Amino acid sequence: MTPIKIENPVIEVEDLRFYYGDSRAIHGVDIAFPEKQVTALIGPSGCGKSTLLRCFNRMNDLIDISRVEGKVLLDGQDIYDKNTDIIELRRQVGMVFQKSNPFPKSIYENVIYGLRIAGEKDKSFFDERVETSLKGAALWDEVKDRLHDSALGLSGGQMQRLCIARAIAVNPKVILMDEPCSALDPKSTARVEELIGELRENFTIIIVTHNMQQAARVSDNTAFLFEGNLIEYGLTEQLFVKPQNKQTEDYITGRFG
Amino acid sequence: MKPVYLKKVKRNDRLASWAISIGGLAIIFCVIFILVLIVEVSLPLFMSPTARQIARVESGFVSSNVQVLAVGMDDYLETAYTIDAGGTIRFINLADGRELEQIRLRPAEADKRLLAVENFGRLNHVLHWDDGSLSVEQVKFSPFYDAADNNRRSIRHTLESRGEFPAVPQQVEQSLARVNDEGRQTRVDLFADGRLEVQQREVTENFLGEEEVTESSEILELNGAGQLSALVLNDSGTQLYAGTATGELLHWSLEESGEANLVDHLQAFADQRRITALSMVFGDVSLAVGDERGQVSTWFGVRGDSSGKRTLTRIHQLTGHAAPVDKLSHSLRDKTVLSRSGDGLHLDYMTSERFLLGFNPPGGISRYALTARGDGLVALGENGDLLSWRLFIPHPEISLKTLFGKVWYEGYDQPEYVWQSSAASDDYEPKLSLTPLIFGSLKGTFYAMLFAVPLAIFGAIYTSQFARPKLRGMIKPAIEIMAAVPTVIIGFLAALWLAPLIESSLGSVFLSLVLLPAALMLCILLWQAARKLEPLKQVERGYEFLAVIPIIIGAVALASTLGPGLEQWLFAGDLKQWLFSELGTRYDPRNCIIIAFAMGFAVIPIIFTIAEDSLSNVPNSLKAASLALGASRWQTVWRVILPSASPGIFAGTMIGFGRAVGETMIVLMATGNTAIMDLSIFNGMRPLSANIAVEIPEAPVDGSLYRVLFLSAVILFILTFIVNTVAEIVRQRLRAKYGRF
């Protein structure tokens, strides 16, 4: 495995093991994610890439029977420490889901949801943040005239970009993306991929994808997971061009998966 | 797919869609059919009365030089009779106009003539002879089977003398006489010089069994009233009313022999109109007053102030005539008032102020009489024709106003909404106002919902969002089993166990309403502070709710210990007495607190189940989105889950509401079934549903009460229909707003 040099790791994972009840899904992963870069997690279905992603904002806590061992350090702080405030953690580590899930509220209310629940009440601050977030998610021009219409009236691609806008409105350090384009048509996918390229200016992005072309297009680094193990992790151009591991090569050349 | 098989699939598809359509349509049809059935029973309430002329006997049956002074008819509408000035009663077969019999009233004194005849009671006639004497005769009809005539049904006519009053020397303007069942005879004479004299004769038996006769005679005090223009005496001869030519009304009580008492004297009409006719209304409580302007009003004594003295007050205004009213009389069956004027005879119902029928035959009406059962009218025209009608007056006491409005009933001090379908005597006014019943339905529902809705919805939120899945799997079926408890058992427990319990420890109940939430809050705060401490950290999360049980038990125990002391200290030992004396609220043992608990128990499972389902069905992706943005569990529930589940929660609440409105058994058993209009939680009510259950077994089929009960069923039907329709519309709109997932 090629160790890549990480200058400013935002998230460092040390020997992470994850259990669903008695069965272990992740068998001791060590990985670190550099600041303001896009890192793709690839691997065949069921390899644990989504589970790993959800460990970074403790979304796995919702599963009753799950258990985590090992450490995940966000800016040097272990997020699985008993004193960690999950709410604060999730404000720093935003998430975009596979299926777009806007709230049944207006576009405006969707974007400021994260601010509202944090107790923010300033209307002008909301207005400003809605505009910057929607611009950041490349949605502003399409919806600026109907901000108070229901978000459920948007197209699938627009909804997903709205979810991205909603995630960046609270200004997180990291954005986790769990197959964000899997439910989108090619044109919308292109828009979102373009957007990911823009977002890396300001955010650290970790994206799970089963689409290797997409990983190659959008990411700086790529990690290949297989059966709960990190097989290979490196710069995207190196991993796709000269994979060090046989399994990686088999996977990216389409021999399995 | 094989073509044969494809054909079979398509055929089955068609069959299934037919079967489903037929089933659905059948349900709709059944519901509509039920509605049609109950509407059909209740609709005749609003039918107009009709009269059918059944006989007309041409003039000439009586010689034209003898004036007919009174007419009458038997209950079978077969035989009519006339009393003429010559003192002869003739019985006439109405079917063919044949004269059946003639009876000479005073056969020994052939030269005596009658001046006037006054009718009262059941075929009683006061005969006013030209020598100033009066006699009271009752005509009796008794059917028998004539053995001489092939056992044909025939009717025997007899006269029974009920009293004689000797002649008075002076010229008499008008005389009234009554003989009551105890043998008391009362005679009132208005003399030409304006004096009004009362003579009373009472025969009583003393303790030795000897008859004692008390006689008295006195001139009544007129209190400076104007010229008397109308007089009426009630059937028992104890109350005398007079009207004057200048619109005054006078009322004397003749209860005490020889001590007549002017009870009331008032200027009834400010414009001093002449009072032209007076009559009692059946039951002898109300007085009908006709005047020269053709108006008919009814009056009775009302306690106006705290002194307790009753003053005659105008209560109902009936449909007027175009000409002065010259005669008033009443039905012997209900509160129908007959008034005759130049423009004909009117039948009006007092309570409902409904105009029932009008008669104005070409020959005019000079004499008339209503049968005792109120279903036949016989009249003598000015031209001497004898006419009779069969009357069909189905429900005279029912009008929209008596059903829903405030009505001033006899004996009440102001108009009120009253439901009182039966009474001890036959001459009562039926009081069939549905307003207190609708009020009762809504009141019971309101208190039940006040108790049930928060519990059910918070319970559903806890179960669906906070409880562990294992726990949820136990709670939900347990609550659903609550819905299967027969309501008669809930009602039984509420009435016989809960009601006495709450009554005996009212102070503790209220105290626990404060202590219970307070104790829970305190314990939650303590837990919040203590949960981070080292030993408590090890306690498995998710079972904290178990700690609630001892807290509830402790709080209730504390409340029941402190309750009596608190009552002693704050409310002088008796909260119920304090409520009555300080707040004016009576405490009924079966009240809305009981109803809130018992009906709440029946409604909670419905609201809970539907609300829980809709909360659980909110997609997890929404929950995850909210949590991933840093929302707490409660923020997620409040801002995302609840709005998304709101259509379902609303629908559940409305279905619970519909259930509570229609609930019968619990309210029947656990409320006092008192049809009062009082919002207080400390007394009961009578809802529409329980009222139907209570009264339908005693309502005569097709009677007014029976039909009104069906009408209340229609109202109940419409009420639930409206609630369900509104619920569905709101649900659809909420779903359009929050739905999609």
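What this report covers is the structure whose coordinates are included nearby. (Residues numbered from 1 in each chain as written. Chains lettered and ligands numbered in written order. Predicted model: local features only at pLDDT ≥ 70, side-chain atom pairs only at ≥ 80, totals over all residues. Heavy atoms only, no water.)

**What to know about the overall build of chain B**
Just so we agree on the cut-off: To qualify as a helix, a DSSP run of H or I must reach at least 4 residues; to qualify as a strand, a run of E must reach at least 2; elements of each kind are numbered from the N terminus. Radius of gyration here uses only the C-alpha atoms, and the compact-globule reference equals 2.2 Å multiplied by the residue count raised to the power 0.38. For every residue, the accessible area (1.4 Å probe, protein chains only) is compared with the maximum for its type, and the residue is labelled buried under 20%, exposed over 50%, or partly exposed between those bounds.
The secondary structure content of chain B amounts to 15 helices and 30 strands. In summary, chain B has a C-alpha radius of gyration of 37 Å against a globular reference of 27 Å for 741 residues, an excess of more than 25%. Counting only C-alpha atoms, chain B reaches 120 × 85 × 55 Å along its principal axes. For chain B, the residues scored as buried account for 49% of the 741 residues in total.

**Observations regarding the overall build of chain A**
Spelled out, the test is: Here, two residues are considered to be in contact whenever any of their heavy atoms come within 4.5 Å of each other. In this description, accessible areas are obtained by the Shrake-Rupley approach with a 1.4 Å probe, and a residue is regarded as covered only by the protein chains that are shown. Here Asp and Glu are counted as negative and Lys and Arg as positive; His is not counted, and neither are the chain ends. Lys charges are placed at NZ, Arg charges at CZ, Asp charges at CG and Glu charges at CD.
Assigned secondary structure in chain A consists of 10 helices and 10 strands. In summary, chain A has a C-alpha radius of gyration of 18 Å against a globular reference of 18 Å for 257 residues, a match within 12%. Oriented by its inertia axes, the alpha-carbon framework of chain A measures out at about 55 × 45 × 35 Å. Burial statistics for chain A: of 257 residues in total, 54% are counted as buried. Taking the contacts inside chain A whose residues are at least 6 apart along the sequence as the reference set, 68% of them involve residues at least 24 apart. For chain A, the accessible area works out to roughly 11,300 Å², and carbon and sulfur atoms hold 45% of it. Taking the average location of the 31 positive side-chain charges in chain A and that of its 38 negative ones, the two points are 3 Å from each other.

**Examining the sheet that holds strand E28 (residues 386-392) of chain B**
All names here are of chain B. Threshold: Paired strands, as defined in this entry, are two strands with at least two bridges between them according to DSSP. Under this scheme, a helix contributes an axis fitted over its contacting stretch, all axes are lines through C-alpha atoms, and angles between N-to-C directions fall in the 0 to 180 degree range.
Taken in spatial order, the 4 strands make up an open sheet running E1-E28-E27-E26, and their pairing is antiparallel. This sheet does not close on itself; its edge strands, each paired only once, are strand E1 (50-57) and strand E26 (367-370). Averaged over all neighbouring strand pairs, the angle between strand axes comes to 20°, with direction disregarded. As defined by bridge partners, E26 adjoins strand E27 (residues 376-380) across 4 bridges and the pair is classed as antiparallel. Looking at the pairing, Tyr368 lines up with Ala379 of E27.

**As for the packing of helix H5 (residues 487-504) of chain B against helix H10 (residues 592-616) of chain B**
Residues and elements named next belong to chain B. Rule in force here: Take the far helix as your reference; a near helix turned counterclockwise from it by less than a right angle gives a left-handed crossing, and one turned clockwise gives a right-handed crossing. Residues are grouped as follows: Ala, Val, Leu, Ile, Met, Phe, Trp, Tyr, Cys and Pro are nonpolar; Asp, Glu, Lys and Arg are charged; all remaining types, including Gly, are polar.
Across the interface, H5 lies against H10 with an axial gap of 10 Å and an inter-helix angle of 145°. Between H5 and H10 the crossing geometry is right-handed. Side by side, H5 and H10 meet where Ile490, Ala494, Leu498, Ala499 and Ile502 of the first sit next to Ile593, Ile594, Phe597, Ala598, Phe601 and Ala602 of the second. Class assignment of the residues belonging to the contact of H5 with H10 gives a composition of 11 nonpolar, no polar and no charged.

**Focus: the pattern of salt bridges**
Residues and elements named next belong to chain B. Selection rule: The working definition used for a salt bridge is a side-chain nitrogen of Lys or Arg within 4 Å of a carboxyl oxygen of Asp or Glu.
Counted by the stated rule, this structure contains 45 salt bridges over all chains. Among the ionic pairs, Arg56 bridges to Asp385, the shortest N-O distance being 2.7 Å. Taken together, the positions of Arg56 in strand E1 and Asp385 in the loop between E27 and E28 put the pair 329 residues apart, joining distant regions of the chain. Residue class for Arg56 comes out partly exposed when judged on its relative accessible area of 42%. Here Arg201 and Glu215 are joined by a salt bridge, their closest N and O atoms 3.6 Å apart. Within this pair, whereas Arg201 is found in strand E12 (residues 196-205), its partner Glu215 is found in strand E13 (residues 211-219), the two being separated by 14 residues in sequence.

**Overview of the sheet that holds strand E15 (residues 239-244) of chain B**
Paired through their backbone hydrogen bonds, the strands of a sheet run either parallel or antiparallel. Residue and element names in this part refer to chain B. In space, the 4 strands of this open sheet follow the order E14-E15-E16-E17, with antiparallel pairing throughout. In the strand order of this sheet, the two ends are held by strand E14 (228-233) and strand E17 (261-267), each with one partner. Geometrically, the sheet is characterised by an average inter-axis angle of 15° between neighbouring strands, direction not taken into account.

**Some thoughts on the environment of A:Ala32**
Residues and elements named next belong to chain A. By the element assignment, Ala32 lies in strand E2 (residues 23-34). Using a relative accessible area of 16% as the deciding quantity, one classes Ala32 as buried. For the pair Ala32 and Thr248, spaced 216 residues apart in sequence, the C-alpha separation works out to 19 Å.

**Concerning the interface of chain A and chain B**
For the record, the criterion: By convention, the term buried area covers the 1.4 Å-probe accessible surface removed from two parts as they join, with the contributions of both added. N or O atoms within 3.5 Å of each other form a polar contact, as long as, within protein, one can give a hydrogen and the other can take it, and as long as residues adjacent in sequence are counted only when both atoms are side-chain atoms.
Counting residues at the interface gives 25 residues for chain A and 24 residues for chain B. Between chain A and chain B, a total of about 2,100 Å² is buried, with carbon and sulfur atoms accounting for 64% of that surface. Interface area lost by chain A to chain B is led by A:Pro104, A:Tyr113 and A:Ile117, which between them contribute 26%. At the surface where chain A touches chain B, the tally comes to 0 salt bridges. The tally of links from chain A across to chain B stands at 4 residue pairs in polar contact (both at pLDDT 80 or more). Element by element, the count of residues in the side of chain A that touches chain B is highest for helix H3 (residues 107-117) of chain A, at 4 residues.

**Structural notes on the nonpolar core**
For the record, the criterion: Remark: nonpolar core denotes a set of buried residues (Ala, Val, Leu, Ile, Met, Phe, Trp, Tyr, Cys) joined through side-chain atoms within 4.5 Å.
Judged by nonpolar contacts, the single largest core of 123 residues is most densely connected at A:Ile11, A:Phe33, A:Leu41, A:Phe56, A:Ile206, B:Trp419 and B:Leu434. Looking at this core, the element that brings in the most residues is H10(B), giving 14 residues. Core analysis: the next-biggest nonpolar cluster, separate from the first, contains 47 residues, A:Trp140, A:Leu199, A:Phe226 and A:Ile231 among them.

**So, helix H8 (residues 548-570) of chain B**
Residues and elements named next belong to chain B. As a reminder, the rule being used: Two axes enter the bend calculation: one fitted to the seven residues ending at the residue in question, the other to the seven starting there, and the bend is the angle between them.
Along H8, the helix axis deviates most sharply at Leu562, where the bend reaches about 35°; the proline Pro564 sits within four residues downstream. Regarding H8, the residues found buried are Ile551, Ala555, Ala559, Gly563 and Glu567. Elements that come into contact with the buried residues of H8 comprise helix H6 (506-530) and helix H9 (575-583). Backbone geometry just after H8 places Ala572 at a positive phi near 55°.

**Structural notes on the packing of helix H11 (residues 620-628) of chain B against helix H12 (residues 633-662) of chain B**
All names here are of chain B. Running from N to C, H11 and H12 point in directions that differ by 145°, and their axes come no closer than 10 Å. Crossing hand, H11 versus H12: right-handed. On H12, the residues that touch Leu622, Lys623, Ser626 and Leu627 of H11 are Arg633, Thr636, Val640, Ile641 and Ser644.

**Concerning the state of the cysteines**
All names here are of chain A. To be explicit about the condition: Put simply, a disulfide is two cysteine sulfurs that come within 2.5 Å.
Taken as a whole and judged by the stated rule, the model has 0 disulfides over all chains. You can see Cys163 has no disulfide; the closest cysteine sulfur is in Cys181, sitting 12 Å from it. The exposure class assigned to Cys163 is buried, which follows from its relative accessible area of 2%.

**Observations regarding unusual backbone geometry**
Residues and elements named next belong to chain B. Backbone geometry places Asn151, a non-glycine residue, at a positive phi of 55°. Examined against the element boundaries, Asn151 turns out to sit in the loop between strand E8 (134-146) and strand E9 (152-165). Positive phi is not limited to glycine here, since Asp702 has a value of about 70°. With respect to the helices, strands and loops of the structure, Asp702 is situated in the loop between helix H14 (688-695) and helix H15 (704-738). Residue classification places Asp702 among the partly exposed residues on the basis of a relative accessible area of 42%.

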